[in-house]
Amino acid sequence: MEIGTIVKIIMAIGAMIGVAKIIYELSSSSKLKLREEYKFAKEFLADLDEEVPPHHLAVERGYYALAGTSSIQVSDIKYLISLSNPNKSLSNYALSRRYVELNKKVHRIEFRSKYQNRFSRVWRKSFYLLIYILASLLAMSPLLLAAPFNLGPKFMLLALVTIPGCGFFAFDALRSCMKIMRGEALVKDQEKHVPLIIVKSDKRIIQS
């Protein structure tokens with residue numbers, strides 16, 4: 001068996017093992033994680049509804065725990081969980097907060113001034129997608145070019161460098177593009193959301 005074939009088989013097996021491991025870990029932990037998040041959210045929101053609310057430090061940390069990060073302001077978290085799809089809204093905001101912010105004057109999520117123009121977002125998404133495609137091709141170039149140009153099996157060993165190196169830039173570019181898209185989805189879906197107001201006096205939730 002040729003060295004090139006052996007290298008391809010080893011890399012294919014390694015990739016399959018890696019993907020299988022990720023899928024297994026996600027499938028085995030997702031249900032448990034969701035149960036824990038449900039339990040915490042239920043208990044925390046119930047605490048907020050008590051006649052004697054918890055200390056403001058506990059409340060603040062509770063909101064951070066709901067959002068899964070302390071990099072979002074509590075006022076932003078309060079608004080996001082008041083929407084009709086709070087889990088998705090929190091997730092989108094946490095990922096895209098570089099591009100969006102809560103306008104406290106109108107109490108709505110809007111794009112930051114630099115990204116409010118649609119064209120400014122379109123060209124950035126196009127640029128990130130171009131970087132993703134180029135970086136992906138560079139990552140796989142040793143495997144793609146070896147046979148057509150008869151470069152020999154040793155040339156394919158460069159994939160051990162190009163795949164992790166260029167693969168990082170491809171992943172980062174794709175993630176940057178997704179951040180903008182998630183921000184756009186949040187701003188757009190916000191129009192469909194119905195904010196909720198928690199009325200503590202009678203402990204009922206009514207729609208505004």
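Anything mentioned here points back to the structure above.
**Q** I would appreciate a short explanation of the packing of aromatic side chains in the present structure.
**A** Two numbers describe a pair of aromatic rings. These are the distance of the centres and the angle of the planes. Scanning the model with the defined rule gives 5 aromatic pairs in all. Ring centres of Phe40 and Phe44 lie 5.8 Å apart, and the angle between their planes is 5°; this geometry places the pair in the stacked category. Note that Phe40 and Phe44 are positioned in helix α1 (residues 3-48) at a spacing of 4 residues, about one turn of the helix. Judged by its relative accessible area of 31%, Phe40 is partly exposed.

**Q** How do you make sense of the packing of helix α2 (residues 56-67) against helix α3 (residues 74-81) when you look at a structure like this?
**A** Helix-helix packing: each pair is described by the crossing angle between the helix axes and the interaxial distance. Two elements in contact, α2 and α3, have axes whose closest approach is 10 Å; the angle formed by their N-to-C orientations is 55°. One way to sum up the angle between α2 and α3 is to call them oblique. The handedness of the crossing between α2 and α3 comes out as left-handed. Of α3, the residues touching α2 (which contributes Glu60, Tyr63, Tyr64, Leu66 and Ala67) are Val74, Ile77, Lys78 and Ile81. The class makeup of the residues in the contact of α2 with α3 is 7 nonpolar, no polar and 2 charged.

**Q** Before we go on, may I ask you to explain the packing of α3 against helix α4 (residues 86-96) in this structure?
**A** The interhelical angle for the contact between α3 and α4, taken along N-to-C directions, is 140°, at an axis separation of 8 Å. Between α3 and α4, the angle falls in the class oblique. Across the interface between the two elements, Asp76, Ile77, Leu80 and Ile81 from α3 touch Pro86, Ser89, Leu90 and Tyr93 from α4. In terms of residue class, the contact of α3 with α4 is built from 6 nonpolar, 1 polar and 1 charged.

What counts, and at which threshold
- Residues numbered from 1 in each chain as written.
- Predicted model: local features only at pLDDT ≥ 70, side-chain atom pairs only at ≥ 80, totals over all residues.
- Heavy atoms only, no water.
- Phe/Tyr/Trp six-rings, centres within 6.5 Å; stacked < 30°, edge-to-face > 60°.
- Helix = DSSP H or I, 4+ residues; strand = E, 2+ residues; numbered from the N terminus.
- Buried < 20%, exposed > 50% of the residue type's maximum accessible area, 1.4 Å probe, protein only.
- Axes fitted to C-alpha atoms, helices over the stretch in contact; angles between N-to-C directions.
- Parallel < 35°, antiparallel > 145°, perpendicular 65-115°, else oblique.
- Left-handed = near helix turned anticlockwise from the far one by under 90°.
- Contact = heavy atoms within 4.5 Å.
- Nonpolar A, V, L, I, M, F, W, Y, C, P; charged D, E, K, R; others polar.

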